[in-house]
Amino acid sequence: MSGVGAGSSQRPGAAGPAVDALWSRDFGLFFVARAIAKLGDTMLPVALAAGLLLHGYGAGAVGLAMAATAACFASLVVFGGVFADRFSTRLLMIGADAVRLVTQSLAAVFFLTGHVVLWEICVIGAVNGAAAAVFQPGVASTVPRLAADVQKANGAIRVAESGAQLAGPAVAGVLVGLAAPAAVFAAHAGTYALSALCLLLLRLPPAAPGSHAPSLGFKRDLAVGWREFRARTWLWGVIAIWCVLMITVTGPATPLVAVTVVEQHGSGAYGLVNSALGAGTVIGGVIALRLRPRRMLRAGAFALIGFAAFPASVGAQLGVGLMVAGAVVAGAGTSFWAVMWATSVQTQVPPDVLNRIHAYDVAGSLAMLPVGQALAGPAAAAFGAERVLLMGGVMVLVVCGALLSVGAIRGLVRVGGGLAGGSPVPSLPETGGAAPRPPLLKRRRG
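Go over the overall build of the protein, please, and point to the residues and values.
Regarding its fold elements, the protein presents 16 helices and zero strands. Looking at the protein residue by residue over its 446 residues, the buried ones come to 50%. Of all intrachain contacts in the protein linking residues separated by at least 6 positions in sequence, the fraction that spans at least 24 positions is 87%. Total accessible area on the protein is roughly 17,800 Å²; 70% of this is exposed by carbon and sulfur atoms.

An account of the packing of helix α8 (residues 233–265) against helix α15 (residues 385–405) is requested, with residue identities and associated values reported.
Between α8 and α15, the least distance of the axes is 9 Å, while the angle of their chain directions is 155°. In terms of their interaxial angle, α8 and α15 are classed as roughly antiparallel. The way α8 lies across α15 gives a crossing that is left-handed. Within the contact between the two elements, α8 uses V238, I241, V244, L245, T248, V249, P252, A253, L256, V257, T260 and Q264 and α15 uses A385, E386, V388, L389, G392, M395, V396, V399, A402 and L403.

Mind laying out the packing of aromatic side chains, listing which residues take part and the relevant values?
Under the criterion given, the structure shown has six aromatic pairs. Between F111 and F185 the ring centres are 4.6 Å apart and the planes differ by 10°, which places this aromatic pair in the stacked class. With a gap of 74 residues between them, F111 in helix α3 (residues 89–113) and F185 in helix α6 (residues 181–201) connect regions that are remote in the sequence. For the pair F111 and F185, one class covers both residues: buried. For the pair F229 and Y360, a centre-to-centre distance of 5.6 Å together with 35° between the ring planes defines the contact as tilted. Taken as a pair, F229 in helix α7 (residues 218–230) and Y360 in helix α13 (residues 354–367) lie far apart in primary sequence, 131 residues in all. The two residues F229 and Y360 agree in class, both being buried. Put simply, the rings of W234, W242, W337 and W341 pair up and form one aromatic cluster. In this structure, R100 packs its charged tip against the face of F135, placed 5.1 Å from the ring centre.

Hey, could you go over unusual backbone geometry for me, with residue numbers and the actual values?
Despite not being glycine, Q317 has its phi angle at roughly 55°, a positive value. Note that Q317 resides in the loop between α11 (309–315) and α12 (320–348).

Could you give me a rundown of the pattern of salt bridges, with the residues and numbers involved?
Once their charged atoms are close, side chains differing in charge can pair, the charge on each being opposite to the other. What the rule picks out here adds up to five salt bridges. Taking the shortest distance from any N to any O, the salt bridge between R100 and D97 comes out at 3.0 Å. Linking R100 with D97, this pair stays in helix α3, spanning three residues, or about one helical turn. The exposure classification of R100 matches that of D97, with both residues buried. Residues R292 and D149 are paired through a salt bridge, measuring 3.1 Å at the closest nitrogen-oxygen approach. Separated by 143 residues along the polypeptide, R292 in the loop between α9 (267–290) and α10 (296–304) and D149 in the loop between α4 (118–146) and α5 (150–178) bring together distant segments of the chain. Of the residues examined, R292 reaches a relative accessible area of 13% and is grouped as buried.

Rules behind the numbers
- Residues numbered from 1 in each chain as written.
- Predicted model: local features only at pLDDT ≥ 70, side-chain atom pairs only at ≥ 80, totals over all residues.
- Heavy atoms only, no water.
- Helix = DSSP H or I, 4+ residues; strand = E, 2+ residues; numbered from the N terminus.
- Buried < 20%, exposed > 50% of the residue type's maximum accessible area, 1.4 Å probe, protein only.
- Contact = heavy atoms within 4.5 Å.
- Areas by Shrake-Rupley, 256 points an atom, 1.4 Å probe, with all protein chains shown as cover.
- Axes fitted to C-alpha atoms, helices over the stretch in contact; angles between N-to-C directions.
- Parallel < 35°, antiparallel > 145°, perpendicular 65-115°, else oblique.
- Left-handed = near helix turned anticlockwise from the far one by under 90°.
- Phe/Tyr/Trp six-rings, centres within 6.5 Å; stacked < 30°, edge-to-face > 60°.
- Lys NZ or Arg CZ within 6 Å of the ring centre and 35° of its normal.
- Salt bridge = Lys/Arg side-chain N within 4 Å of Asp/Glu carboxyl O.

What follows is the structure, given as structure tokens:
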């Protein structure tokens, strides 16, 4: 395996020398912002469930409130990518955090005063989803601007987010027990305040020349992003294959694992399996800090094979100890893949369209998840939950085989560690007098 160590090369096209160490002041601020935000986001489901149930609503209301956030995010994130490529990503992220600070503070007041109306909670969730759609695309372009070693930066952030994901539900449970659901909403609002403060103190280095192409208007900017996405076989190929994984494995596994483990071993065992999955993601992030494969997506696809252990161990009705072991392996494999994938996107895609392409990536990755979740019940009724989970383990192997069978995915070679050069796709013929793009540093069409 080969690769470039932290600070060993200058980011292609970056202004000024590359940062020599990962833990600069500014990367540290961004690291803290991401960890705190993830902590708050993993606290929210506990607060919603406890709060709505306490005020007489059922599980359907909890699902509806969560769906309002997810639906707005998934439907608007592509448009958020256009905004992120046209305006300051830092200011957009601060604004999104400020909006969510207000909405979650309002939710805390509602739950504290007992004024809990479902449609109002759903509206708050929808606004939060829209704010997240504006925030998320900017993450992709911020990481390579702050760190010369993009892979190590993604690995560190992955470890922090995984740790926060482990701690969030536990912290929320303690707050609900000691105070009330309103306290969790207040704490969640506080995480957005801290995230916004970190981003406010953050000083991004100057953008590389050509990293912000002249705007062609909203619709044309959206069209350019789509053409750039389609021009990279490795990119749309992974997303297409990932949709299969969402429908056949991740979507059905989410509810079926919960039902199967709770029915057979109790809720304590389910909590243990979930914690093991989170611990595995921490391990995978740590491994990604150390291993530097030359062909990152190929290495990530091999690691992703480990995800099969999660649904397969539950479907095979193994003991709790073996299910925990399977969850650790699955978490490590998916976390390592996630770092390899994020780093590939951030270093292979030119900065002038990176936020838009990241938005297409996020939207495409999430699009089929609710479909898989919706099919879980009918599939379990027809074949049995255990068989569906076992088939999910088989489908993980099929998906990994598909990833490795595509030459553009398997053969993609890592870039030195920073931003990619200009786009390999010519400008739209309707660009008129728009300024030409900078010369390409690397051409990667597939």
